[in-house]
Number of protein chains: 2
Amino acid sequence: MRRSIATVCLSGSLEDKLYACADAGFDGVEIFEQDLVVSDRSPEEIRALADRLGLSLDLYQPFRDFEGVTPELLEENLRRARERFETMRRLGVDTVLVCSNVATATVDSDQVSAEQLRRLGDLAASYGVRVAFEALAWGRYLDDYRRSWRIAELADHEAVGVCLDSFHILSRGHDPAAIEDIPGDKIFFVQLADAPGLTMDVLSWSRHHRLFPGEGVWDLGRFVTHLARAGYTGPLSLEVFNDVFRQTDTFRTAQHALRSLVWLEDRAARLLADDGAVRHAAGSAAGSTHGSGLERIADVDVPTGYDYVEIKAEDTSDVEVLLDQLGLAFRGQHRTKPVRLWSSGDARIVLNEQHAREQEPHLAGIGFGVADASEASDRARALAVRPAPRRTQAGELDLAGFVAPSGLEVFLNDRRTETPGGQEPAWAAEFDRGRPGGGGEITGIDHLNVSHGWDAHDEAVLFYTSVLGLEKPSVTEAAGPQGLVRSQVMRSASGAVRVSLNVAPVGVSHPEHIALACTDVVEVARRARDRGLRPVPVPDNYYDDLRARFGLDEATLSLLREHQLMYDRSAAGEFWHFYTPRVGRVCFEVVQRTGGYDVYAGDNTPVLLAAQDRLDRGGARPSGW
Amino acid sequence: MRRSIATVCLSGSLEDKLYACADAGFDGVEIFEQDLVVSDRSPEEIRALADRLGLSLDLYQPFRDFEGVTPELLEENLRRARERFETMRRLGVDTVLVCSNVATATVDSDQVSAEQLRRLGDLAASYGVRVAFEALAWGRYLDDYRRSWRIAELADHEAVGVCLDSFHILSRGHDPAAIEDIPGDKIFFVQLADAPGLTMDVLSWSRHHRLFPGEGVWDLGRFVTHLARAGYTGPLSLEVFNDVFRQTDTFRTAQHALRSLVWLEDRAARLLADDGAVRHAAGSAAGSTHGSGLERIADVDVPTGYDYVEIKAEDTSDVEVLLDQLGLAFRGQHRTKPVRLWSSGDARIVLNEQHAREQEPHLAGIGFGVADASEASDRARALAVRPAPRRTQAGELDLAGFVAPSGLEVFLNDRRTETPGGQEPAWAAEFDRGRPGGGGEITGIDHLNVSHGWDAHDEAVLFYTSVLGLEKPSVTEAAGPQGLVRSQVMRSASGAVRVSLNVAPVGVSHPEHIALACTDVVEVARRARDRGLRPVPVPDNYYDDLRARFGLDEATLSLLREHQLMYDRSAAGEFWHFYTPRVGRVCFEVVQRTGGYDVYAGDNTPVLLAAQDRLDRGGARPSGW
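Source: prediction; values computed, not measured. (Residues numbered from 1 in each chain as written. Chains lettered and ligands numbered in written order. Predicted model: local features only at pLDDT ≥ 70, side-chain atom pairs only at ≥ 80, totals over all residues. Heavy atoms only, no water.)

Caption draft 1: Here's a closer look at the overall build of chain A. Looking only at helices and strands, chain A features 17 helices and 25 strands. The C-alpha atoms of chain A give 28 Å as radius of gyration, which agrees with the globular expectation for 625 residues (25 Å, within 12%). Projecting the C-alpha coordinates of chain A onto the three principal axes gives extents of approximately 85 × 60 × 55 Å. Pairs at least 24 apart in sequence give 74% of the contacts found in chain A among residues at least 6 apart. (Helix = DSSP H or I, 4+ residues; strand = E, 2+ residues; numbered from the N terminus. Rg over C-alpha atoms; globule rule 2.2 N^0.38 Å. Contact = heavy atoms within 4.5 Å.)

What follows is the structure, encoded as structure tokens:
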């Protein structure tokens, strides 16, 4: 289907927005009235620029407070409409969005609204314009799309149809299935927005907190299937009022927006295919979306685990000291690059010193194991993800890599080799064996904790859901000495891949960490201590609090205290863990889960944040040993 | 009354918080449990530090999910309580906050809750602790303070009373008047927070958006009068969960917090006095607050107008060019300082080049005319506002000056002299007359538009309300090319003083402006143009939009267009205005109001923001003349 976007979604001038939308690959735009009013370009210039860029101007929006009014006001409203139609003629736009009246309506009657829309339809037709009537969620009398359609039907005018906006329908909890009762050719326009699950007044929610599809809580894929079944063939257009996207880089946000539409079409096409398969029993799934115009991209290939995590810096020696203390083993130097591999079990840490001048240690890349790297890469490319550079030489594996919104490079690999210690990624053979694989208690990577700026968070969520098929089960908040840190947990359905996306307070850099899974955290901690590690100190008050909360016995408390371990418990099991001090921007956590414990000890995060703050200020006390 | 604050209001470590609270002048603090848990100081150390700083530790909070539970859970809860009482003993805190159960309550019975609290009371008494029971707004069964008091009354235990929190009472819309039905000695603690008028789920509202008293929409002065009448004599304690205050400088925020309490006590004392005056007919108002313990400070002296606005820079020549173009006259050089005065009518602009090396022109000070500068200054000092330096020499007026949260210096003056052209501030005599006062159409200062960072906004609102007695009638939002700009309008009841506080998007500097009132904006614009001014260009599309919105005739539109004027209209009158380009961070607006038009043309702000953005990018087109 044609892909469109309202100019109000983006920052910058109207010309900036047009250039960015064309660059991202949109087919058309909706011109938001204020964007034109504040522009110093004439409607004719805007039209010509859009023409040159290959963008259609799909909608002029919005025209407010038209119907349900007194006869006198109707005449004034028709005068206003004529002025807008004149502007639309100059722009070459043939569809106008007319919202249900919020301010001046005094008559609550389908009949009156229909008659008044018919008058508007007559005027519109004389300008070659179509009126797309939309029920705003906060319309004075009219806030339900089923009623706006009833009125449009009553108006019975070829120039009068409806505009359907997912926000106005889903924010009110209205069932979108009745869209299928509307003839497709009377749906003149469709606007799409997702939203976070907030309980707040719908106007503020709508004006400040909308999200691109896939970033919120609604099933927009299902929404689009209703449109397809109704026979709608017009544009799918994003209308996302969001305070953050109004500020972020215009070109980057346009790409981000387009990615959400590509993802959404694919999702809707798959739902239609599934529905078709059910309906036609043994029928061909591929055939069932035929005619919907919904474009399907390569299948999502959810990562089965972590191939490696990459830490980059000009000098990674301090990281190597930590890895050695934690019991990982040096696995060798890369044949051709200043890159080194450390491992234990399935935990592989790649230390990269190339092109890293003056960089402090930071999380630079994640390698995921997938079933079919070629298909997974096709999907990433279809979602317009920027490829990551990888210099390969003869005999080296050519991995597909992509740049995630934080700048993190994500590589996908499906080639594995058998070794005496079990399977491992085929690229590991590019590293000279320094000494045999580690025999430590570390068994793999439990999860990653990645930081994003406040302005890249939603984009990151969409990246991990659309490209990698991760789910977004929960958001947590932890109070630190410098403000609240919010974390969005992303995970694969199996739990094999878990990435926690942190948003730190404005102006504060929040550390990232790599959580290593192990079978005996006390043993890891003991051995690390013998090798000189001083874990992040845990205050005595914390252990007093543990005693109060969980009623732990003194032996357990003293074991925890001895090794500066933190603890959590759920109905399903226990969680024992500790943190290393930070090196550059990154630190390690070592975790041991028992039973079915499946969360992240969120209550312990404030303890970590306070302790790291003390270390940063140089206020660490000597520990007890 | 004693002034206290919960440590959760502030950023930093627990020690930072104690130092800052003592520095600001608080009498005590509530220790928020998590602040202690994450601290590396022992309870004994915290107690000793607080002792040395002269702070009492008034409350340990919170203890959650105690009552309304099964007998088994009650035993476990009593075990938890014992651990907390042990910690309180070490801290030397004798009051614990027990919130109504949100998670584990299964029994909805006053009798059962009362019995369980009586058990807790027995245990508490053995530790010398009092239990302050509080109805959380989102308690599972119990969310009304009237019921929490009923249960405490039923418990009938000397160690069991209530804690009253303005947020939990007012967010639910409960009438606080029934506080007067509770015996003062059974109100064990009082927590105060204001809040913005948001419609959202009460838990998020409470956890992220509380404000200090005077910054939100609630009448906390009235709330405190109910406490005084009930005979409450304990601390008034601030408990403000706010994402911003968790990040701002600990010391600055503690001062800001204390200012809100001083203001609140004064306000409550005045309400009590007024009530007393009404009750006792001709009785003495001063006597009526006797015994309430509420401290009254000097009367607020609402400014009657602007004495001057000060622009500071290393070189203010470019500002002088603008002032000359707008028809203000140079009034002379200050006798002893590199400071110059320009004026027309009551518009006085002071240009200050002292101590301004490398500073670009910016709004640096505001002089307000007041009835009694000495009393107004006493009030500012009582509210712990930092004094602004002013170097005076023999024969010069010694003005009282204060530093507002943005760094803006505010001076207060009550001395005026008669001149042939009417009254003017006495300090004007310190300027040598360069030439006679301007005879331009500019008559005074209409309003000021001041920018604050996102982290100083609420503090600024409190400054203008508490120190200067301004009201905060409305908040507007305007979309600019770099994001939304929010403006809080502050004004005196008479409308003589209007200051609009802008919050620009993070990372964006938003221009400030000085709006000059005039009697004939067309004439000012014409003369300015003759003197070479090119006002901020207004796009043609804007005039097309004006035609559509207001149905203006072509003659008016062409007059507006000729002079690049913007226009607005309300039921009461009209607003005509234009802007000069920015010099440094500041620009001028010239406005003409007709009829009773009393707002600020908010719909035109996006036009200004877009035009300024074009000027900043160097993209200004040649105008038509």
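There is more to say, and it comes next.
Caption draft 2: Quick look at unusual backbone geometry. Residue Pro62(A) is reached from Gln61(A) by a cis peptide bond, and omega for that bond is -10°. Phi is positive for Asp65(B), which is not a glycine, with a value near 55°. Structurally, the position occupied by Asp65(B) is in the loop between strand E3 (56-63) and helix H4 (71-91). On the accessibility criterion, Asp65(B) (15% relative accessible area) is buried. With a phi angle near 55°, Gln564(B) is a residue other than glycine that sits in the positive phi range. (Buried < 20%, exposed > 50% of the residue type's maximum accessible area, 1.4 Å probe, protein only.)

Caption draft 3: Highlighting the pattern of salt bridges. Evaluation of the coordinates by the stated rule reveals 110 salt bridges over all chains. Residues Arg84(A) and Asp545(B) are paired through a salt bridge, measuring 2.8 Å at the closest nitrogen-oxygen approach. Taken together, the positions of Arg84(A) in helix H4 (residues 71-91) and Asp545(B) in helix H16 (residues 540-550) put the pair across two chains. Here Glu76(B) and Arg79(B) are joined by a salt bridge, their closest N and O atoms 3.0 Å apart. With Glu76(B) and Arg79(B) both in helix H4, this residue pair falls three residues apart, about one helical turn. Overlapping salt bridges, with partners in common, bring together Glu33(A), Arg84(A), Asp545(B), Arg549(B), Asp568(B) and Asp603(B) in one network. (Salt bridge = Lys/Arg side-chain N within 4 Å of Asp/Glu carboxyl O.)

Caption draft 4: Summary view of the UniProt feature "binding site: Mg(2+)" (unreviewed entry) in chain A. All names here are of chain A. Those residues carrying the UniProt feature "binding site: Mg(2+)" (unreviewed entry) are His-447, His-513 and Glu-589 in this numbering. Maximum C-alpha separation among the annotated residues is 9.3 Å over a sequence range of 143 residues, consistent with a single clustered spot. Judged by its relative accessible area of 3%, His-447 falls in the buried class. Examined against the element boundaries, His-513 turns out to sit in strand E22 (residues 512-518). His-513 gets classed as buried once you look at its relative accessible area, which sits at 6%. Apart from the residues lying within four places of it in its own chain, the contact partners of His-513 are His-447, Leu-448, Asn-449, Tyr-579, Cys-587 and Glu-589. (UniProt positions renumbered as here; feature names shortened; annotations may be inferred.)

Caption draft 5: Spatial organisation of the relation of the copies chain B and chain A. Each copy of the sequence occupies a distinct position, and chain B is placed on chain A by a rotation of 180° and an axial shift of 0.0 Å, giving an RMSD of 0.0 Å. The superposition of one copy onto the other is thereby described by a two-fold rotation axis. Taking C-alpha positions as the reference, the residue of chain B nearest the rotation axis is Met200(B), at 1.8 Å. Mapped onto chain A, 100% of the interface residues of chain B again fall at the interface, so both copies present the same surface. (Least-squares fit on C-alpha atoms with pLDDT ≥ 70 in both.)

Caption draft 6: Region of interest: the state of the cysteines. Applying the stated criterion across every chain yields a total of zero disulfides over all chains. Of all cysteine sulfurs in the structure, the one in Cys163(A) sits closest to Cys99(A), which takes part in no disulfide; the separation is 8.0 Å. For Cys99(A), a relative accessible area of 3% puts it in the buried group. Free of any disulfide, Cys518(B) has its nearest cysteine sulfur in Cys587(B), 15 Å distant. (Disulfide = S-S within 2.5 Å.)

Caption draft 7: The arrangement of the packing of aromatic side chains in detail. What the rule picks out here adds up to 32 aromatic pairs over all chains. Their ring planes at 75° and their centres at 5.4 Å tell us that Phe167(B) and Trp205(B) sit as a pair that is edge-to-face. Placement of the pair is Phe167(B) in helix H7 (residues 166-170) and Trp205(B) in helix H8 (residues 202-208), with a sequence separation of 38 residues. Classification of Phe167(B) as buried rests on a relative accessible area of 0%. Residue Trp205(B) is classed as buried on the basis of its relative accessible area of 8%. One aromatic cluster in this structure is built from Phe167(A), Trp205(A) and Trp218(A). Of note, Arg130(A) hangs over the ring of Phe188(A), and the distance from its end group to the ring centre comes to 4.0 Å. (Phe/Tyr/Trp six-rings, centres within 6.5 Å; stacked < 30°, edge-to-face > 60°. Lys NZ or Arg CZ within 6 Å of the ring centre and 35° of its normal.)

Caption draft 8: Structural detail: the environment of Ala571(B). With respect to the secondary-structure elements, Ala571(B) resides in the loop between strand E23 (566-569) and strand E24 (573-579). The class of Ala571(B) is exposed, set by a relative accessible area of 91%.

Caption draft 9: Looking closely at the sheet that holds strand E21 (residues 498-503) of chain B. Residues and elements named next belong to chain B. Reading across the sheet, the eight strands line up as E19-E20-E21-E18-E22-E25-E24-E23 and stay open at both edges, with mixed pairing between neighbours. The two strands at the open ends of the sheet, each matched to only one other strand, are strand E19 (471-480) and E23. Recorded for the sheet is a direction-independent mean angle of 25° between the axes of neighbouring strands. Relative to E21, strand E20 (residues 483-491) is paired through six bridges, and the arrangement is antiparallel. Its bridge partner lying in E21, Gln-488 is registered against Leu-501. Contacts from helix H18 (residues 605-616) reach E19, E20, E23, E24 and strand E25 (586-595), with the element oriented near 50° to E19. (Pairing = 2+ DSSP bridges. Axes fitted to C-alpha atoms, helices over the stretch in contact; angles between N-to-C directions.)

Caption draft 10: A look at a negative patch on the surface. Residues Glu314(B), Asp315(B), Asp318(B), Glu353(B) and Glu358(B) make up a contiguous surface patch of negative charge. Tracing the chain through its elements places Glu353(B) in the loop between strand E12 (347-352) and strand E13 (362-369). (Patch = residues over 30% accessible without salt bridge, like charges linked within 9 Å, V, L, I, M, F, W, Y side chains within 5 Å. Areas by Shrake-Rupley, 256 points an atom, 1.4 Å probe, with all protein chains shown as cover. Lys, Arg positive; Asp, Glu negative; His and termini not counted. Charge placed at Lys NZ, Arg CZ, Asp CG, Glu CD.)

Caption draft 11: Up close: the domain arrangement of chain A. Residues and elements named next belong to chain A. For chain A, the domain assignment lists domain 1 (3-289) and domain 2 (305-616). When each unit is reduced to the centre of its C-alpha atoms, the spacing between domain 1 and domain 2 is 43 Å. Taken together, the 17 residues of domain 1 in the interface contact 14 residues of domain 2. Of all residues in domain 1, Arg-252, Arg-259 and Trp-263 give up the largest surface area on contact with domain 2, accounting jointly for 40% of the area buried on that side. Where domain 1 meets domain 2, there are two salt bridges. A salt bridge links Asp-266 to Arg-379, with the shortest nitrogen-to-oxygen separation between them at 3.0 Å. Inspection of the region where domain 1 meets domain 2 yields seven residue pairs in polar contact (both at pLDDT 80 or more). Of the residues contributing to the side of domain 1 that touches domain 2, the split by class is six nonpolar, six polar and five charged. (Domains from an automatic or database assignment. Buried area = accessible area lost by both parts, 1.4 Å probe. Polar contact = N/O pair within 3.5 Å; in protein donor to acceptor, adjacent residues only side chain to side chain. Nonpolar A, V, L, I, M, F, W, Y, C, P; charged D, E, K, R; others polar.)

Caption draft 12: How the structure looks around the pairing of strand E24 (residues 573-579) of chain A. All names here are of chain A. Within E24, six of the seven residues are buried, which leaves it mostly tucked inside the rest of the structure. When strand E23 (residues 566-569) meets E24, the two strands line up antiparallel, connected through four bridges. Across the sheet, residue Met-566 finds its bridge partner in E24, namely His-577. Counting the residues between successive antiparallel strands, the hairpin from E23 to E24 contains three residues. Sheet topology places E24 next to strand E25 (residues 586-595); seven bridges connect them, and they run antiparallel. Paired with Phe-578 across the strands is Val-590, a residue of E25. In this antiparallel pair of consecutive strands, E24 and E25, the connection spans six residues, and Gly-584 shows a positive phi of 65°.

Caption draft 13: Region of the structure containing the sheet that holds strand E3 (residues 56-63) of chain A. Residue and element names in this part refer to chain A. Strands sit in the order E1-E2-E3-E4-E5-E6-E7-E8 around a closed barrel of eight strands; the barrel is parallel. On average, adjacent strands in this sheet sit at an angle of 30° to one another, irrespective of strand direction. Sheet analysis places strand E1 (residues 3-6) next to strand E2 (residues 28-32), joined by three bridges and oriented parallel. Its bridge partner being in E2, Ala-6 is matched across the sheet by Glu-30. Sheet strands touched by H4: E3 and strand E4 (95-99). Its angle to E3, the strand with the most contacts, is close to 160°. Along the sheet face, helix H6 (residues 145-155) touches strand E5 (130-134) and strand E6 (160-165) and points at about 170° away from the line of E6.

Caption draft 14: Inspection of helix H1 (residues 14-24) of chain B at higher detail. Here H1(B) lies mainly inside the structure; eight of its 11 residues are buried. Of all the residues in H1(B), the buried ones are Leu14(B), Glu15(B), Asp16(B), Lys17(B), Leu18(B), Ala20(B), Cys21(B) and Ala24(B).

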